[in-house]
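An overview of the molecular structure
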Amino acid sequence: MTPRFAVVEILVADMARSLAFYRELGLALPASADAEPHVEHELPGGLKLAWDTEATVASFTPDFTPPKGRGRISLAFQLDTPAEVDELHDRLTGLGHKSELTPFDAFWGQRYAVVEDPDGNGIDLFATR
């Protein structure tokens, strides 16, 4: 047996709000998914990104309590140019999402920023300088 990493799962309080955020990052998620308790999206290379509502997880986890505070995962989205990092950061924060790190030129050679998704997960935006 060889386990294979296949899915990144995100716990969400509001499916529609979360999917709207990820649509802004370029994921083609159908509007009909907004009302679903579980959504999966296959990424290039076969890895899946999935979302489950708190109610879905509570339905099969008897003592489930939604986590408090910041999210527990971080996802990174690569952009083609440093200017696109700034542009996407500004668009997302303009839509009301919290900026964790405003765009900056990182010492490791990237233009880098972090915005929180609706559930407090860090979403890294980066491009090689």
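You'll find the structure just up there.
So, here's what we can say about the structure. Fair warning: this is a prediction, and the values are worked out from it, not measured in the lab. (Residues numbered from 1 in each chain as written. Predicted model: local features only at pLDDT ≥ 70, side-chain atom pairs only at ≥ 80, totals over all residues. Heavy atoms only, no water.)

To continue, consider the packing of aromatic side chains. Tallying each qualifying case throughout the model produces 6 aromatic pairs. On the basis of an interplanar angle of 85° and a centroid distance of 6.3 Å, the ring pair of F104 and W108 is categorised as edge-to-face. You can call W108 partly exposed: its relative accessible area is 43%. According to the relative accessible area criterion, F104 is partly exposed, its value standing at 29%. (Phe/Tyr/Trp six-rings, centres within 6.5 Å; stacked < 30°, edge-to-face > 60°. Buried < 20%, exposed > 50% of the residue type's maximum accessible area, 1.4 Å probe, protein only.)

Okay, the sheet that holds strand β7 (residues 122-128) next. Here 4 strands make up an open sheet; going across it, the order is β4-β7-β6-β5 and the pairing mixed. With partners counted over all chains shown, the strands left at the sheet margins are β4 (74-78) and β5 (99-105), one partner each. Between one strand and the next, the sheet's axes are offset by a mean angle of 20°, whatever the strand orientation. Examined bridge by bridge, strand β6 (residues 110-116) and β7 share 7 bridges and lie antiparallel to one another. Residue Q110 lies in a different strand from β7, and its bridge partner there is T128. (Pairing = 2+ DSSP bridges. Helix = DSSP H or I, 4+ residues; strand = E, 2+ residues; numbered from the N terminus. Axes fitted to C-alpha atoms, helices over the stretch in contact; angles between N-to-C directions.)

What follows deals with the pairing of strand β2 (residues 38-42). By the alternation rule, side chains of β2 split into V39 and H41, which are all buried, and H38, E40 and E42, of which none is buried. Across 5 bridges, the pairing between β2 and strand β3 (residues 48-53) is antiparallel. In the strand pairing of β3, E42 is matched with K48. Where β2 folds back on β3, the antiparallel hairpin that results is connected by 5 residues, among which G45 adopts a positive phi of roughly 95°.

The next thing to look at is the layout of surface pockets. Approximately 270 Å³ is the volume found for the largest pocket. In this structure, the largest pocket is lined by 13 residues; those nearest its centre are L11, P67, G71, R72 and N121. Estimated volume of the second largest pocket: approximately 210 Å³. Forming the walls of the second largest pocket are 13 residues, and the residues nearest its centre are L27, L43, L49, A76 and F77. Tallied by class, residues from the lining of the second largest pocket come to 10 nonpolar, 3 polar and no charged. (1 Å grid on protein atoms, 1.4 Å probe; cavity = no way out; pocket = protein on both sides within 12 Å on 5 of 7 lines; lining within 4 Å. Points joined across faces, edges and corners; volume = space filled by probe spheres on them. Nonpolar A, V, L, I, M, F, W, Y, C, P; charged D, E, K, R; others polar.)

Okay, the side chain of H89 next. Looking at the element boundaries, H89 is found in helix α3 (residues 82-94). Each residue touching H89, except ones within four places of it in the same chain, is listed here: S99, L101, T102, P103, A113, V114, V115 and L125. (Contact = heavy atoms within 4.5 Å.)

Let us look at the pattern of salt bridges. Tallying each qualifying case throughout the model produces 6 salt bridges. For R91, the salt bridge is made with E24, and the minimal N-O distance between the two is 2.8 Å. Separated by 67 residues along the polypeptide, R91 in helix α3 and E24 in helix α1 (residues 15-24) bring together distant segments of the chain. The class of E24 is partly exposed, set by a relative accessible area of 27%. For R111, the salt bridge goes to D105, with nearest N and O atoms at 3.2 Å. Via salt bridges that share partners, D86, D105, R111 and R129 belong to a single interconnected network. (Salt bridge = Lys/Arg side-chain N within 4 Å of Asp/Glu carboxyl O.)

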